[in-house]
Amino acid sequence: MPAVENTIVICAGGACISAGEISVKESLENTLKEYALEEVVQVVETGCMGACDLGPIMVIYPEGIFYQKLNSENVKKIVEEHLLKGRVVKEFLYTGPTGEVKEKPQEELPFFKKQIKIATRNLGVVDPLSIEEYIARDGYFALTKVIKDMSPDKVIEELKKSGLRGRGGAGFPTGLKWEFAKKAEGDVKYVICNADEGDPGAFMDRAILEGDPHTVVEAMTIAAYTVGANKGFIYVRAEYPLAIERFSRALETAREYGFLGENILGTDFSFDIEIRIGAGAFVCGEETALINSIEGQRGIPRVKPPYPAQKGLWGKPTLINNVETYANIPPIILHGGDWFAQFGVEGSRGTKVFALAGKVNNTGLVEVPMGITLRELINEIGGGVPNGKKLKAVQTGGPSGGCVPEKYIDTPITYDTLKELGTIIGSGGMIVMDEDDCMVDVAKFFLEFTVEESCGQCTPCRDGTKRMLEILERITEGEGTEEDLEKLKELGEHIMKTSLCGLGQTAPQPVLSTMRYFWDEYEAHVKEKRCPAKKCKELTRIVIDREKCVGCTACARVCPVNAITGSVRQPHEIDPELCTRCGSCLEVCRFGAISKVSP
Amino acid sequence: MSFEEVRNTIKEIYEKVNSESLDERDNLINILHAIQEYYGNYIPLEAAEVLKELTGKPLSKIYEVLTFYTMFSTNKRGKYVIRVCKSLPCHVTGGAAVLESLKDALEIDYGQTTQDGLFTLEESSCLGLCGVSPVMLINDEAYGNLTPEKVKEIIEEIKEKERSGVK
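Residues numbered from 1 in each chain as written. Chains lettered and ligands numbered in written order. Predicted model: local features only at pLDDT ≥ 70, side-chain atom pairs only at ≥ 80, totals over all residues. Heavy atoms only, no water.

## What about the overall build of chain A?
And step 1. When you go through chain A residue by residue, the secondary structure sums to 24 helices and 21 strands.
And step 2. The C-alpha radius of gyration of chain A comes to 26 Å, within 12% of the 25 Å expected for a compact globule of 599 residues.
And step 3. Projected onto the principal axes, the alpha-carbon positions of chain A cover approximately 85 × 70 × 40 Å.
And step 4. Per-residue burial for chain A yields a buried fraction of 59% across its 599 residues.
And step 5. Within chain A, contacts between residues separated by at least 24 positions form 69% of all contacts whose residues are at least 6 apart in sequence. (Helix = DSSP H or I, 4+ residues; strand = E, 2+ residues; numbered from the N terminus. Rg over C-alpha atoms; globule rule 2.2 N^0.38 Å. Buried < 20%, exposed > 50% of the residue type's maximum accessible area, 1.4 Å probe, protein only. Contact = heavy atoms within 4.5 Å.)

Given below as structure tokens:
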């Protein structure tokens, strides 16, 4: 059999699939067959490589050449040029925001250069369906080490040394959590993986489950050994069908190989994991609500204490961590707590996976040491804001978080620094916004979300957030008063103090943090009935400059509501009553004759 | 369908899901998912009656769960359920215009089904594909980097496929 000369890794993460990865792979395989290369070129589908907006992506080894934005037609050219003639195909290489083409191995591209991958170490490297590839990357070595050589107390000690804190949002020290669960009394205990990642803009858990499911299986098994559990549940969002499919497959193969099930690795330790699927309720990301949901009830939170470590699933001691937290466990066990603690800064150890989204050139998943600055993350790794626009703010922590304005861009990202700025790391979503985004609109947007997702159990969250939303709606429609701003603040503070669970306790954060940093925008809406970002529909008009308009009719043809009228070569008019401010006309006008104004 | 048919079907699903579970205890949400999948995107109300008999739970408890979760529906949904992500990354990258064009193309509002029973339009929380926002999910397939034009093409394509398909 001929030796493999090249390995082609194709990203089969959700984003790349949505961009046409499947047809790219098929076309690649067909072309390889056509040139009789199928035995010397190995094609591997792997998990999310992170650079989502560049998909579909493939990397050709041994050189590590990174090709982006492929389609089924241009793959043929890559086979003919790169594989057969040894010539790199420049047109599909990574192109920076300023247009420069980088002919460099993947790891030297700006997007990847500053990353240190621990939780996502196998994403973009292994085939998620192959347990052998996982093992080849030291998979299940940590489990073996734990079962053969480490006492549960030793595992906890290493976790404490590592300084790892829960990556789901609250940031509770993981070692301590495991210790509580271990010490809790009970002959039956449970281990749960919270894979109900619901924070808008955060998708690292989906990527890890899809790209490296075995790491979660391994870590949950280590957790079960440590705290003394025999049964585990993973609660996955139904919105992530691919993650469910790949995780089920990982469970099956792990059982076949003796890493899961009865008598793991020939010892008397037995543990198995079952998948429970969510059904569309954001509040189920809250651990006690999630437990209720597994029990077959409505996903409403329970009063804490007692904490799940004492009284969790079916009243038994339960250890619950999220996907990313678990993904850090095997490397910590293998290399030691001190190794992990060398990354990051005091109080925020290790690395964190962030999801860059919104108005940023390189969207996607990045794993960086804690303490990196927002500037490095957004400008260097993310490639800055597109279309020459100015960065305005970064929203972190989803509906529980807040906005960091541009002037704090040199702040290092840690649990404490973000808290001081009135936001949180949360699960790691970073939504970048530019000058065209209205902060009052953003606050309203998050409140709409909370109002819909509130489980309705406690009054401050159910009714309070609704009242806040009504006020925000008034403000964005130009009906707000200065008293409204006071009320908004007061209500927000009350809701945070009196809500039952984390959802309500943090729901007013997006409003309060935008009020703190963008007070002038709120005032402009209330006092001048003006939206500085020209985003709020009721406060914005679209106008045509009669001097500049040449009457090309492009705007009239694209207007979905026929609000634009005029004859050919004559200046056109917009009927403000009919106009929905969708902005389609702005995009097609080549003469700069159409603009938004407020008021 | 007769109640007897529903009863037998639900019983079969109930037993199958429970036999695949490692835990003999409550598995209601997985069972409801399986029922919904069987009926194609909805759960007939009779199913709740049968589950009452099978589980011994009061009907109110079963309704409580059935109505709490947004993914379950007791109304018949279309062959294609379109879930549009309404999270902030999609919002700031032009999600609103995409939504409008979807409503326009389908001539329905949220929560409604087209007259031909083909499409149901629903909102969704974050689909986790923020890197290619705005995004929508049609059944299990994700569509990213949407624009109003692209949305119309996708809908047309499905309609075309249906027109030229079997029957």
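## Things to note about the domain arrangement of chain B
And step 1. Looking at the assigned domains, one finds that chain B contains domain 1 (3-68) and domain 2 (80-164).
And step 2. Placing a centre on the C-alpha atoms of domain 1 of chain B and another on those of domain 2 of chain B gives a separation of 29 Å. (Domains from an automatic or database assignment.)

## A look at the sheet that holds strand S3 (residues 136-138) of chain B
Residues and elements named next belong to chain B.
And step 1. Spatial ordering of the open sheet is given by S2-S1-S3-S4, a layout of four strands whose pairing is mixed. The sheet is open, and its two edges are formed by strand S2 (119-124) and strand S4 (141-143), each paired on a single side. Each adjacent strand pair in this sheet contributes to an overall mean axis angle of 25°, direction not counted. (Pairing = 2+ DSSP bridges. Axes fitted to C-alpha atoms, helices over the stretch in contact; angles between N-to-C directions.)

## A word on the interface of chain B and chain A
And step 1. In this complex, chain B contributes 40 residues to the contact, which on the side of chain A involves 59 residues.
And step 2. Together, Leu22, Phe68 and Leu88 of chain B form the three largest contributors to the area buried by chain B at its contact with chain A, with a combined 16%.
And step 3. Between the two partners, chain B and chain A, sit two salt bridges.
And step 4. As a salt-bridge pair, Glu452 of chain A and Lys86 of chain B come within 2.5 Å of each other at their nearest N and O atoms.
And step 5. Remark: the boundary between chain B and chain A carries 20 residue pairs in polar contact (both at pLDDT 80 or more).
And step 6. The residue inventory of the side of chain B that touches chain A, partitioned by class, reads 19 nonpolar, 13 polar and eight charged. (Buried area = accessible area lost by both parts, 1.4 Å probe. Salt bridge = Lys/Arg side-chain N within 4 Å of Asp/Glu carboxyl O. Polar contact = N/O pair within 3.5 Å; in protein donor to acceptor, adjacent residues only side chain to side chain. Nonpolar A, V, L, I, M, F, W, Y, C, P; charged D, E, K, R; others polar.)

## Examining the packing of helix H10 (residues 213-227) of chain A against helix H13 (residues 323-335) of chain A
Residues and elements named next belong to chain A.
And step 1. Interaxial distance between H10 and H13 falls to 8 Å at its minimum, and their mutual angle equals 75°. It follows from the interaxial angle that H10 and H13 lie roughly perpendicular. Residues Thr215, Val216, Glu218, Ala219, Met220, Ile222 and Ala223 of H10 form the contact with H13, whose own contacting residues are Val323, Tyr326, Ala327, Ile329, Pro330 and Ile333. (Parallel < 35°, antiparallel > 145°, perpendicular 65-115°, else oblique.)

## So, the domain arrangement of chain A
All names here are of chain A.
And step 1. Here chain A is described as being made up of domain 1 (6-108), domain 2 (131-342), domain 3 (344-434), domain 4 (439-528) and domain 5 (540-597).
And step 2. Just the C-alpha atoms count here: the centres of domain 3 and domain 4 sit 23 Å apart.
And step 3. The partner domain 4 presents 14 residues to the 15 residues of domain 3 that form the contact.
And step 4. Of the roughly 1,200 Å² buried where domain 3 meets domain 4, counting both sides, 64% is carbon and sulfur surface.

## A closer look at helix H3 (residues 74-85) of chain A
Residues and elements named next belong to chain A.
And step 1. Spanning 12 residues, H3 covers 16 Å between terminal C-alpha atoms, matching the ideal 16 Å at 1.5 Å per step.
And step 2. Taken together, the buried positions of H3 are Asn74, Val75, Ile78, Val79, Glu81, His82 and Leu83.
And step 3. Where the residues of H3 are buried, they touch strand S1 (6-11), helix H2 (21-34), strand S2 (41-46), strand S3 (58-61) and strand S4 (65-67).
And step 4. One or two residues past the end of H3 sits Gly86, with phi positive at roughly 70°. (Expected span 1.5 Å × (residues − 1).)

## Comments concerning the pairing of strand S14 (residues 364-369) of chain A
Residues and elements named next belong to chain A.
And step 1. Within S14, five of the six residues are buried, leaving the element largely enclosed by the surrounding structure.
And step 2. Pairing of strand S13 (residues 351-358) with S14 involves six bridges; the strand directions are antiparallel. For Ala355, the partnering residue across the bridge sits in S14 and is Leu365.
And step 3. Where S13 folds back onto S14 in an antiparallel hairpin, the turn is made up of five residues.

## Structural notes on the pairing of strand S10 (residues 318-322) of chain A
All names here are of chain A.
And step 1. Judged by how many residues are buried, S10 sits mostly within the fold: five of five residues are covered.
And step 2. Where burial is concerned, the two faces of S10 agree: the one with Thr318, Ile320 and Asn322 and the one with Leu319 and Asn321 are both buried.
And step 3. Across five bridges, strand S7 (residues 190-195) lies against S10 in parallel orientation. Each bridged residue has a counterpart across the sheet, and for Val191 the counterpart in S10 is Leu319.

## Things to note about the sheet that holds strand S8 (residues 231-236) of chain A
Residue and element names in this part refer to chain A.
And step 1. If you trace the four strands from one edge of the open sheet to the other, you get S9-S8-S7-S10, paired in parallel fashion. The sheet is open, and its two edges are formed by strand S9 (272-277) and S10, each paired on a single side. Direction aside, the axes of adjacent strands within the sheet are offset by 20° on average.
And step 2. Packed on one face of the sheet, helix H11 (residues 241-256) meets S8 and S9 and runs near 165° to S9.
And step 3. The sheet contacts of H13 involve S7 and S10, and relative to S10 the element is tilted by about 95°.

## Points about the UniProt feature "binding site: [2Fe-2S] cluster" (unreviewed entry) in chain B
And step 1. Under the present numbering, the feature "binding site: [2Fe-2S] cluster" (unreviewed entry) in UniProt falls on Cys85, Cys90, Cys126 and Cys130 of chain B. The greatest C-alpha distance among the annotated residues, which extend across 46 residues, is 9.4 Å, indicating that they converge on a single site.
And step 2. When sequence neighbours within four positions are dropped, the list of residues in contact with Cys126 of chain B reads Gly198, Asp199, Pro200, Gly201 and Arg237 of chain A together with Cys85 and Ser87 of chain B.
And step 3. Tracing the chain through its elements places Cys130 of chain B in the loop between S2 and S3.
And step 4. Owing to a relative accessible area of 4%, Cys130 of chain B belongs among the buried residues under this scheme.
And step 5. Residues within four places of Cys130 of chain B in sequence aside, it is in contact with Gly201, Ala202, Phe203 and Ala357 of chain A together with Pro89 of chain B. (UniProt positions renumbered as here; feature names shortened; annotations may be inferred.)

## Description of a nonpolar patch on the surface
Residues and elements named next belong to chain A.
And step 1. Judged by side-chain polarity, Phe172, Leu176 and Phe180 come together as a nonpolar surface patch covering roughly 250 Å² of accessible area.
And step 2. Note that Phe172 resides in the loop between helix H7 (152-162) and helix H8 (174-183).
And step 3. The exposure class of Phe172 is partly exposed, given its relative accessible area of 37%. (Patch = residues over 30% accessible without salt bridge, like charges linked within 9 Å, V, L, I, M, F, W, Y side chains within 5 Å. Areas by Shrake-Rupley, 256 points an atom, 1.4 Å probe, with all protein chains shown as cover.)

## Some words on the pattern of salt bridges
Residue and element names in this part refer to chain A.
And step 1. This structure, assessed with the given rule, holds 51 salt bridges over all chains.
And step 2. For Glu29, the salt bridge goes to Lys25, with nearest N and O atoms at 3.7 Å. Of the two residues, Glu29 and Lys25 are both situated in helix H2; the distance of four residues between them amounts to about one turn of the helix.
And step 3. Here Glu287 ties to Lys304 by a salt bridge, and the two come within 3.2 Å at their closest N and O atoms. Taken as a pair, Glu287 in helix H12 (residues 287-294) and Lys304 in the loop between H12 and S10 lie far apart in primary sequence, 17 residues in all.
And step 4. Given a relative accessible area of 32%, Lys304 falls into the partly exposed group.
And step 5. Look at the salt bridges and you will find they share partners, linking Lys177, Glu286, Glu287 and Lys304 into a network.

## Regarding the packing of helix H3 (residues 45-55) of chain B against helix H4 (residues 59-68) of chain B
All names here are of chain B.
And step 1. Interaxial distance between H3 and H4 falls to 9 Å at its minimum, and their mutual angle equals 130°. Taken together, the axes of H3 and H4 are oblique relative to one another. Relative to H4, H3 is oriented so that their crossing is right-handed. For the pair H3 and H4, the contacting residues are Leu45, Ala48, Glu49, Leu51, Lys52 and Thr55 in the first and Leu59, Ile62, Tyr63 and Leu66 in the second.
And step 2. Residues of the contact of H3 with H4, tallied by class, amount to seven nonpolar, one polar and two charged. (Left-handed = near helix turned anticlockwise from the far one by under 90°.)

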